[in-house]
Amino acid sequence: MKKGLSFFIIHFFVLALFLLASLAYFHPVLQGKVIYQADIAQYTGMAKEQNDFRKLKDAEPYWTNSAFGGMPTYQLGANYPHDYIKQLDRLIRFLPRPADYLFLYFIGFYILLCCLKVDYRLAVVGALAFGFSTYMIIILGAGHNAKAHAIGYLPLVLAGIVLVFRKKYLWGFVLTALAMALEITANHYQMTYYFMLLVLVLGVVYLVDAIRKKYLKHFFTSVGLLLLAVGLGIAANATGLMATKEYADWSTRGESALTIEPDGSPRENTGGLDKEYITQWSYGIAESLNLFVPRLFGGASQENLGEDSKSFTYLVDKGLPRSSALDFVGGLPLYWGDQPGTSGPAYIGAIIFFLFFLGLFLVKGKHKWWLLFGTLLSLVLSWGKNFALLTDLMIDYFPLYDKFRAVSSVQVVLELCAPILAILALKKWFMDKVPQEDKLRSLNYAAGIILGVAALLFLFKGTFSFEGPADGRLRMTGLEELTEMLKLDRKAVYTSDLLRSLGFVLAAALLLWGYVKGALKQNLVLAAVGVLIVIDLVGVNKRYVNADNFVSKRQMLQPFQPSAANKAILQDEGVYRVFDQTDGFDSAKTAYFHQAITGYHAAKPAGMQDLFNFHLYRGNLAVFNMLNVKYVIQQDDEGNTFPLENPDANGNAWFISQLRPVASANDAIMALDSLDTGNVAVLNTSAFQDIEPKDYAKDSTATIALTSYAPNHLVYESSNDNDGVAVFSEMYYPHGWQAYLDGRPVAHFKVNYVLRAMEVPRGKHTIAFKFEPQVVAQGSKIVLVSTLLLGLVIVGGIGFSVYRGKNRNASPEEPQRP
């Protein structure tokens, strides 16, 4: 009883510590403020129509017309029936955002280390090291909430796997299934995919170990249970997964029907993302030492250099007021690595980096090997185009690898593995019976490696150019001398951060040495190492995410303010689209106020992306007209925006006089180059063989008009003395949209590469389009059954544990042997 109470008290205070640490770092949330996250501001713009519909109808539309001409909301935070796992997730993340994600980092990693039989004191240190790892904090500042969410549950999935292999079959199964369900609910499949690469490495290492030690039966039993658990976790998210797969095939992540580029040349890649796009964010090989020295390659693309910088001194000497100079150096491009830009380094902490190498010499057995191989795989994959041999192999042959961009983010696997091995090294140092000479030898080796790396970095400093990707733009603006000052600042932080990291490593090494020699007590050394790790990481994190990033809640709820042009357009209460030339293709600002043909999303609708590449960037007015772009926002010489009305926009729907056949998707998109979209539509007969292309009688009395609008329900009234074909300025999506003619379901088809069309018989008719996605109905049934089954497994596991505990307490004590 006392042991159980002690167990509860310890973990209660540990959770309280994590809660306080999360709120302390993001303390402005206690004042009602929220962190300004650029990606979340863009999401708010994308989801505006969806959220307004929810408030008005208390229902899900599953479709929005406000961005990219129309798309499903499956990747815009759609809510699905019976999604009880998401409700559980919200209970777990009860703190204000983003403190909730930091808390999730902490508790997940703590549970993982406990499952690895690590003492709770070391587990606390490891959890703080993982949670405060710089990349984990930077993504919260950038607004990559789904990524942070998914990363937070990865340690829990790993903990379940570890338990199963420790023959804790029941609770390992339960934890794996539940954690996997929560992981998928986070809705960042790229992070989950990269984690599964680590699981694959772990499985191979465990298999080799099982063969060597002859416990194959246990190995395959464990694998079978884990597959069932993962399957159950996946099934509990069936709706979201099925809907995402359906949309992904229609998006830029799917296989393209086009085999040509806009200039007519052959397209090299028609399935998934192209290699250049996938590897655009590739970590430099030398840049990877940011893991040890945070600003080795400058830090962030916009970093505050402060008054002590050469750039500040230069600007003041040139006559710029000190306040203006300080503002100017508050966002200079200090970063000079291989990536196009970055919000900060993937710094894991100098002490964790050192302890990782200590673990390589001190830790024995299978845990060391899967952690090492997982780290190495993650590292070389993050190099992307800088290690093309492996990257090309993965893109060309490894399933689904070509569906994800920004390969540098695969380093999350490394950032998970490194602190685990570091803490296992401390476990060996403090808790396990390891000969003193082995500890000192391992310490010497690890310290020698760190000192060797530091010495090489000092020696080779003169060989680096310190040229950044943004320096060319500075020179073009006449700031040549400032660029030279910026190089000096880069050299300065290179040296200062290198010395900083060395200082933390030497302090930690001396503490460990003092413990082995008996000069320092265990708890003192543990506490001191933990405090040093936190001071190191938090000190770096505050450079990139701090109280200055927080704003009033209203500013995030309403991230965009209407311009004079937006206000003028909003006076028109019709249904139409707007293109803002001043905003660009990758922005959701226009979607916040109007129905737009632009937006912000990692998986854009492929058809709209193709239209931009082939026609819209070149100003093809016929394509703007068929998309019902009624207003174009432009900018005058003084920087003021104004709306230009397009009188030739085709409207919401229109009858055509000719349905012209083309043989392929290539022909369909090329035909738009000179098409009279108001009277002629092109039909890809290879995709719609049942539709007969022909001419239609069309006169001025034929009308069709939109009479009722909702994003998922459009109603039109038509009148035509002849049979005809109506074209609608809505994106054709093959799954879920059902057309109705006078209440009867009818077929519709795709024309003009992206738009809907349908045959309309003569006379007056009511035409409706309803978005009724079967994937939601089907997936929800699977989710309900799976969630109930998962709940029964959890309840059964609790019941079995209670029953076994009672029997154990009730059994008489065994007589002690003499």
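Residues numbered from 1 in each chain as written. Predicted model: local features only at pLDDT ≥ 70, side-chain atom pairs only at ≥ 80, totals over all residues. Heavy atoms only, no water.

A. Molecular detail of the pairing of strand E7 (residues 641-645). The pairing of strand E6 (residues 629-635) with E7 spans five bridges and is classified as antiparallel. Looking at the pairing, valine 632 lines up with leucine 644 of E7. In this antiparallel pair of consecutive strands, E6 and E7, the connection spans five residues, and glycine 639 shows a positive phi of 90°. (Pairing = 2+ DSSP bridges. Helix = DSSP H or I, 4+ residues; strand = E, 2+ residues; numbered from the N terminus.)

B. Fine view of the environment of phenylalanine 579. Residue position: phenylalanine 579 is located in strand E5 (residues 577-580). You can call phenylalanine 579 buried: its relative accessible area is 11%. For the pair formed by phenylalanine 579 and leucine 714, sequence separation is 135 residues and the distance between their alpha carbons is 22 Å. Once you skip the residues sitting within four places of it in the chain, phenylalanine 579 turns out to touch Ile597, Thr598, Phe612, Phe624, Val629, Tyr631, Val632 and Ile633. (Buried < 20%, exposed > 50% of the residue type's maximum accessible area, 1.4 Å probe, protein only. Contact = heavy atoms within 4.5 Å.)

C. A look at the pattern of salt bridges. In the structure shown here, the tally under the stated rule is 27 salt bridges. A salt bridge links aspartate 100 to arginine 93, with the shortest nitrogen-to-oxygen separation between them at 2.9 Å. As a salt-bridge pair, aspartate 209 and lysine 213 come within 3.4 Å of each other at their nearest N and O atoms. Residue aspartate 209 and its partner lysine 213 are located together in helix H10 (residues 189-213), separated by four residues, close to a single helical turn. Judged by its relative accessible area of 51%, lysine 213 is exposed. Each of Asp89, Arg93, Arg97 and Asp100 takes part in a single network of salt bridges with overlapping partners. (Salt bridge = Lys/Arg side-chain N within 4 Å of Asp/Glu carboxyl O.)

D. Geometry of a nonpolar patch on the surface. On the surface, Leu170, Trp171, Ile798, Phe800 and Val802 cluster together into a nonpolar patch covering about 420 Å² of accessible area. With three residues, helix H30 (residues 774-810) is the single largest residue contributor to the nonpolar patch. For tryptophan 171, the position within the fold is in helix H9 (residues 169-185). (Patch = residues over 30% accessible without salt bridge, like charges linked within 9 Å, V, L, I, M, F, W, Y side chains within 5 Å. Areas by Shrake-Rupley, 256 points an atom, 1.4 Å probe, with all protein chains shown as cover.)

E. Layout of the nonpolar core. Phe18, Phe26, Trp370, Ile420 and Leu512 are the most contacted members of the largest nonpolar core, which has 166 residues in total. Sort the elements by how many residues they give to this core and helix H19 (residues 411-430) lands first, with 15 residues. Look past the residues within four positions of tryptophan 370 in its chain and what remains in contact with it is Leu158, Leu198, Val201, Leu202, Val205, Tyr206 and Ile420. Core analysis: the next-biggest nonpolar cluster, separate from the first, contains 80 residues, Phe579, Ile656, Val727 and Val754 among them. (Core = buried A, V, L, I, M, F, W, Y, C linked by side-chain atoms within 4.5 Å.)

F. Molecular detail of helix H16 (residues 350-362). The end-to-end C-alpha distance of H16, which contains 13 residues, comes to 18 Å, matching closely the 18 Å that a straight helix rising 1.5 Å per residue would cover. For H16, the tally of buried residues reaches twelve of 13 residues, placing the bulk of the element in the interior. When we look at burial in H16, the residues that qualify are Ala350, Ile351, Ile352, Phe353, Phe354, Leu355, Phe356, Phe357, Leu358, Gly359, Leu360 and Leu362. In the core, the buried residues of H16 are packed alongside helix H6 (120-131), helix H17 (366-382), H19, helix H20 (436-459), helix H22 (480-516) and helix H23 (522-541). (Expected span 1.5 Å × (residues − 1).)

G. Quick look at the environment of leucine 474. With respect to the element layout, leucine 474 can be found in helix H21 (residues 471-476). Expressed as a C-alpha distance, the spacing of leucine 474 and glutamate 287, which sit 187 residues apart in the sequence, is 23 Å. Beyond its immediate chain neighbours, meaning those up to four positions away, leucine 474 contacts Pro333, Leu479, Thr483 and Leu486.

H. Just the packing of aromatic side chains, in detail. On inspection of all chains with the given rule, the structure shows 53 aromatic pairs. Where tyrosine 105 meets phenylalanine 130, the ring centres are 6.0 Å apart and the plane angle is 80°; that geometry is what we call edge-to-face. Here the residue tyrosine 105 occupies a position in helix H5 (residues 99-115), and phenylalanine 130 occupies one in helix H6, the gap between them amounting to 25 residues. Exposure class is identical for tyrosine 105 and phenylalanine 130. Each is buried. A ring pair is formed by tryptophan 250 and tyrosine 733, whose centres lie 4.8 Å apart and whose planes are at 90°; its orientation type is edge-to-face. With a gap of 483 residues between them, tryptophan 250 in helix H12 (residues 238-250) and tyrosine 733 in the loop between strand E13 (724-731) and strand E14 (737-741) connect regions that are remote in the sequence. Residue tryptophan 250 is classed as buried on the basis of its relative accessible area, which comes to 15%. By relative accessible area, which is 1% here, tyrosine 733 ends up buried. By way of ring pairs, the aromatic residues Phe18, Tyr25, Phe26, Phe106, Tyr110, Phe132 and Phe550 are connected into one cluster. For the cation-ring pair, arginine 756 lies above phenylalanine 769, with the distance from its terminal atom to the ring centre recorded as 5.2 Å. Positioned above the aromatic ring of tyrosine 740 is the side chain of lysine 770, whose terminal nitrogen or guanidinium carbon lies 5.2 Å from the ring centre. (Phe/Tyr/Trp six-rings, centres within 6.5 Å; stacked < 30°, edge-to-face > 60°. Lys NZ or Arg CZ within 6 Å of the ring centre and 35° of its normal.)

I. Helix H2 (residues 38-46), seen in detail. All of the buried residues in H2 are Ala41, Gln42, Thr44, Gly45 and Met46. Where H2 is buried, its residues contact helix H3 (48-57), strand E2 (63-64), strand E3 (71-72), helix H24 (553-557) and helix H26 (589-593).

J. Structural context of unusual backbone geometry. Cis geometry is found at the peptide bond from arginine 97 to proline 98, where omega equals 5°. As for its placement among the helices and strands, proline 98 is situated in the loop between helix H4 (84-92) and H5. We note that lysine 214 has phi near 60°; this positive angle belongs to a residue other than glycine. Structurally, lysine 214 can be placed in the loop between H10 and helix H11 (216-235). The class of lysine 214 is exposed, set by a relative accessible area of 76%. If you check the backbone angles, asparagine 628 has positive phi at about 60° while not being a glycine. Considering the arrangement of structural elements, one finds asparagine 628 in the loop between helix H28 (621-626) and E6.

K. How the structure looks around the sheet that holds strand E17 (residues 755-760). Taken in spatial order, the four strands of this open sheet run E8-E13-E17-E16, and their pairing is antiparallel. Two strands lie at the open edges of the sheet, namely strand E8 (653-655) and strand E16 (749-751), each paired on one side alone. Averaged over all pairs of adjacent strands, the angle between strand axes in this sheet comes to 35°, irrespective of strand direction. Bridge count for E16 against E17 is three bridges, and the pairing is antiparallel. Residue pairing for E17: lysine 750 is matched across the bridge by arginine 756. (Axes fitted to C-alpha atoms, helices over the stretch in contact; angles between N-to-C directions.)

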